[in-house]
Amino acid sequence: SAQSFGNVSQMTMTIDMSSEIIKEQGIIERLTTELGFIPQESDTQTILFQDFTTEPDATIFFEENAVIYEWSQNAQSYSYRAYTQIQTTNTIKEITNKANYPIQNIPEEYLIYTTEQENIDITNEMSELAEEIISGEDDLYRAVFKLANWTEQNIEYDLSTLTADAVQSSSWVLENREGVCDELTNLFISLCRSQGIPARFISG
């Protein structure tokens, strides 16, 4: 659950997991499980409360970005729970100067972010579409916003495209007009890159 107050957001996250071990013979002397990607303190995120519980009792270790549960007793089932309440502060940067579009003299180190990559392909259809969306625009912020807004409004978020093997390419997402978050992001990046706007994928 989450609540927002101005530029401050408060979120409560609970993770409940359990594993049942069915034994045909013998006993379990030690069982270890690791829960990764637990919330961390940062400049923009404060942990208000955390609680980690197990059944039966386990020894709990903390690593940089994970919590490890270790049981040393024999049981028929083992469960663990992680409860975290966090508060985040949004940092919204004010744009004070217009950035011109098209971009002139892109620094060499950013040119890689204007080319095709795996799953971030660029087709003639994409280039024509992006050019149509931002036709006549001379403000870079507005151009990028229009491309992002078009992607959000015209591509359906659909988990059925998610596979264990790979993320679908940008051209597939555009053709099928559906995808998951990574796939929508890749299409947005392709649209930007097709117009010489450097863009890269960041996740976390």
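Whatever comes next refers back to the structure up there.
Residues numbered from 1 in each chain as written. Predicted model: local features only at pLDDT ≥ 70, side-chain atom pairs only at ≥ 80, totals over all residues. Heavy atoms only, no water.

*Asks:* Which residues make up the overall build of the protein, and what values go with them?
*Replies:* A count of helical and extended segments in the protein gives four helices and nine strands. The helix and strand sequence of the protein, counted from the amino end, reads β-β-β-β-β-β-β-α-α-β-α-β-α. Looking at the 204 residues of the protein, the share that counts as buried comes to 31%. Accessible surface, the protein: about 13700 Å² in total, of which carbon and sulfur atoms supply 46%. (Helix = DSSP H or I, 4+ residues; strand = E, 2+ residues; numbered from the N terminus. Buried < 20%, exposed > 50% of the residue type's maximum accessible area, 1.4 Å probe, protein only. Areas by Shrake-Rupley, 256 points an atom, 1.4 Å probe, with all protein chains shown as cover.)

*Asks:* Tell me about helix 4 (residues 181-194), and please be specific about residues and values.
*Replies:* Over its 14 residues, helix 4 runs 20 Å from end to end, which matches the ideal 20 Å to within 8%, given 1.5 Å per residue. Most of helix 4 sits out of view: 10 of its 14 residues are buried. Structurally, helix 4 contributes buried residues whose contacts are with helix 1 (124-133), helix 2 (140-154), strand 8 (156-157), helix 3 (170-176) and strand 9 (178-179). Gly196 occupies a position one or two residues after helix 4 and carries a positive phi of about 75°. (Expected span 1.5 Å × (residues − 1). Contact = heavy atoms within 4.5 Å.)

*Asks:* So what's going on with the sheet that holds strand 3 (residues 31-36)? Residues and values would help.
*Replies:* Hydrogen bonds between backbone atoms are what pair the strands of a sheet, whose relative direction is either parallel or antiparallel. Taken in spatial order, the three strands of this open sheet run 3-6-5, and their pairing is antiparallel. Each edge of the open sheet is held by one strand with a lone partner, namely strand 3 and strand 5 (59-63). Between one strand axis and the next, the sheet turns through 20° on average, direction left out of account. Inspection of the sheet shows strand 5 paired to strand 6 (residues 66-71) by five bridges, in the antiparallel sense. By the bridge assignment for strand 6, Thr59 is matched with Glu70. (Pairing = 2+ DSSP bridges. Axes fitted to C-alpha atoms, helices over the stretch in contact; angles between N-to-C directions.)

*Asks:* Explain the packing of helix 2 against helix 4 residue by residue, including any values.
*Replies:* It is the contact of helix 2 with helix 4, at a shortest axis distance of 10 Å, that shows an interaxial angle of 145°. Crossing handedness for the pair helix 2 and helix 4: right-handed. Contacts between helix 2 and helix 4 pair Val144, Leu147, Ala148, Trp150 and Thr151 from the former with Leu184, Leu187, Phe188, Leu191 and Cys192 from the latter. When grouped by side-chain class, the residues that make up the contact of helix 2 with helix 4 number nine nonpolar, one polar and no charged. (Left-handed = near helix turned anticlockwise from the far one by under 90°. Nonpolar A, V, L, I, M, F, W, Y, C, P; charged D, E, K, R; others polar.)

*Asks:* So, the pairing of strand 6: which residues are in play, and what are the values?
*Replies:* Of all six residues in strand 6, five are buried; the element is thus mostly enclosed. With six bridges connecting them, strand 3 and strand 6 associate as antiparallel partners. Bridge assignment links Thr32 to a residue of strand 6, and that residue is Glu70.

*Asks:* If you had to explain the side chain of Asp158 to someone new, which residues and values would you point to?
*Replies:* Tracing the backbone through its elements, the reader meets Asp158 in the loop between strand 8 and helix 3. One buried charged side chain, Asp158, makes no salt bridge at all; its nearest oppositely charged neighbour is Arg177, positioned 13 Å away. The residues contacting Asp158, other than those within four sequence positions of it, are Glu178, Gly179 and Val180. (Lys, Arg positive; Asp, Glu negative; His and termini not counted. Salt bridge = Lys/Arg side-chain N within 4 Å of Asp/Glu carboxyl O.)

*Asks:* Kindly report on helix 2, identifying the contributing residues and their values.
*Replies:* Its 15 residues give helix 2 an end-to-end C-alpha distance of 21 Å, which sits within 8% of 21 Å, the value for a rise of 1.5 Å per residue. If you follow the buried residues of helix 2, they end up packed against helix 1, helix 3 and helix 4.

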